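Chain by chain, the residues run as shown.
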Amino acid sequence: MFPGPLGASLSGDALARGVWSLETKNIRDHGHGKHRAVDDTPAGGGPGMVLRCDVLAAALDASVASDDARPRLLMSPRGKPLTQARARELAAGPGAIIVCGRFEGVDERVIEARALEEISIGDYVLSGGEIAAMVLLDSCVRLLTGVMGKDESGAEESFEGGLLEYPHYTRPREWEGRQIPDALLSGDHARIARWRREEAQKLTRARRPDLLPKT
Ligand code: SAH
């Protein structure tokens, strides 16, 4: 599955230039028996299968040294929600070990024993952690120096100032009877900045009041 979509466009170019790198490991290489089984039925019964703790631990121990300083993350809907702030923190750090779950989930004991930190990309359930890991990686990679066209294009985005981003416009000046707002055509930088700040606040109040500071 990897690098998948991360091999294209901005992240793909950066990958090819060595701005970031990716090493993938297949948990199945540490599976048991002829079929390289990595899962088993859940203790206590119920649907689905569970990723075995011994198999995942063997896969981790074979590729991650015990003194490896990189955070060990497990993609999981039960995890702490991924935020722009966390993406910034991870992008500034030494990298990450990312475990992608499958099946019903992962045996709790390996999460504890290998101190895996659960991270969620949102309140919905995917069938595997790979796409979630790609989302996490993409959010970090685009923040690395030299990945985005203009370095400043990261600073004004949604969530960066605690607000959603203001609306964008480009040519033509009039389209289907709709005009570009006057403020943006005024050439008055202070007025433009004020308009954008107000629009960002309006949008955030309407769509994501939870992002606004509690008063
Ligand atoms: N039974 C689990 C869901 C398992 S989904 C539960 O109810 O919590 C299978 C795998 O997909 C998970 O192990 C995880 O790695 C990944 N996954 C699913 N949804 C995710 C999400 N919102 N964020 C991050 N990873 C997710």
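Definitions and cut-offs
- Residues numbered from 1 in each chain as written.
- Predicted model: local features only at pLDDT ≥ 70, side-chain atom pairs only at ≥ 80, totals over all residues.
- Heavy atoms only, no water.
- Core = buried A, V, L, I, M, F, W, Y, C linked by side-chain atoms within 4.5 Å.
- Buried < 20%, exposed > 50% of the residue type's maximum accessible area, 1.4 Å probe, protein only.
- Helix = DSSP H or I, 4+ residues; strand = E, 2+ residues; numbered from the N terminus.
- Contact = heavy atoms within 4.5 Å.
- Near = heavy atom within 4 Å.
- Polar contact = N/O pair within 3.5 Å; in protein donor to acceptor, adjacent residues only side chain to side chain.
- 1 Å grid on protein atoms, 1.4 Å probe; cavity = no way out; pocket = protein on both sides within 12 Å on 5 of 7 lines; lining within 4 Å.
- Sits in = over half its atoms within 2 Å of the grid points.
- Nonpolar A, V, L, I, M, F, W, Y, C, P; charged D, E, K, R; others polar.
- Patch = residues over 30% accessible without salt bridge, like charges linked within 9 Å, V, L, I, M, F, W, Y side chains within 5 Å.
- Areas by Shrake-Rupley, 256 points an atom, 1.4 Å probe, with all protein chains shown as cover.
- Salt bridge = Lys/Arg side-chain N within 4 Å of Asp/Glu carboxyl O.
- Points joined across faces, edges and corners; volume = space filled by probe spheres on them.
- Pairing = 2+ DSSP bridges.
- Disulfide = S-S within 2.5 Å.
- Axes fitted to C-alpha atoms, helices over the stretch in contact; angles between N-to-C directions.
- Parallel < 35°, antiparallel > 145°, perpendicular 65-115°, else oblique.

Right, let's get into the nonpolar core. In terms of nonpolar packing, the biggest core is built from 17 residues, with Ile27, Leu56, Leu60, Val106 and Leu116 touching the most fellow members. The element best represented in this core is helix α2 (residues 53-63), accounting for six residues. Among residues more than four places away in sequence, those in contact with Leu60 are Ile97, Val99, Arg114 and Leu116. Core analysis: the second largest hydrophobic core is formed by 12 residues, Leu73, Cys100, Ala132 and Leu143 among them.

Another point: the site of the ligand. Taken together, 19 residues form the shell around the ligand, and within it Met75, Gly101, Glu104, Gly122 and Tyr124 come nearest. Between Ile121 and the ligand, the recorded distance is 3.1 Å, taken from a backbone N or O atom to a nitrogen atom. Judged by the fraction of its atoms near the pocket grid, the ligand is located in the second largest pocket. Elements that contribute at least two residues to the shell around the ligand include exactly β3 (72-81), β6 (117-120) and α5 (129-141). It is β3 that provides the largest number of residues to the shell around the ligand, a total of four residues. In terms of residue class, the shell around the ligand is made up of nine nonpolar, seven polar and three charged.

Time to look at a nonpolar patch on the surface. On the surface, a nonpolar cluster with roughly 360 Å² of combined accessible area is contributed by Tyr124, Leu126, Ile131 and Val135. If you trace the backbone, Leu126 turns up in the loop between β6 and α5.

Let's shift gears to the layout of surface pockets. Put simply, the largest pocket is a space of about 1300 Å³. Those elements giving two or more residues to the lining of the largest pocket turn out to be α2, α3 (84-92), β4 (97-99) and α5. Among the elements that make up the lining of the largest pocket, the one with the highest residue count is α5 (six residues). In terms of residue class, the lining of the largest pocket is built from 26 nonpolar, seven polar and six charged.

Alignment of β3 against β4, held across three bridges, turns out to be parallel. Across the sheet, residue Leu74 finds its bridge partner in β4, namely Val99.

Let's shift gears to the state of the cysteines. Applying the stated criterion across every chain, the model contains zero disulfides. Here Cys53 stays unpaired: no disulfide links it, and the sulfur of Cys100, its closest cysteine neighbor, is 19 Å away. Of all cysteine sulfurs, the one in Cys140 lies closest to Cys100, which takes part in no disulfide; the gap is 14 Å.

Scanning the entire structure with this criterion turns up 15 salt bridges. A salt bridge links Asp40 to Arg52, with the shortest nitrogen-to-oxygen separation between them at 3.5 Å. Of the two residues, Asp40 is situated in strand β1 (residues 39-40) and Arg52 in the loop between β2 (50-51) and α2; the sequence distance between them amounts to 12 residues. The salt bridge involving Arg114 is made with Asp61; its shortest N-O contact spans 2.8 Å. Here Asp61 lies in helix α2 and Arg114 lies in the loop between α4 (108-113) and β6, a separation of 53 residues in the sequence. Since its relative accessible area comes to 26%, Arg114 is described here as partly exposed. Take Asp61: its relative accessible area is 45%, and that puts it in the partly exposed class. Sharing partners across several salt bridges, the network here consists of Asp40, Arg52 and Asp54.

Another aspect to go through is unusual backbone geometry. Of note, the bond from Phe2 into Pro3 is cis; its omega dihedral lies within 30 degrees of zero at 0°. Of note, Pro3 is situated in the segment before α1 (9-16). The backbone of Glu176 sits at a positive phi, close to 50°, despite the residue not being glycine.

We now examine the packing of α3 against α5. At a closest axis distance of 8 Å, the pairing of α3 and α5 adopts a crossing angle of 70°. Relative to α5, the element α3 is oriented roughly perpendicular. Taking contact as the criterion, the partners of Ala87, Leu90 and Ala91 in α3 are, on α5, Leu136, Ser139 and Cys140. Broken down by class, the residue content of the contact of α3 with α5 amounts to five nonpolar, one polar and no charged.

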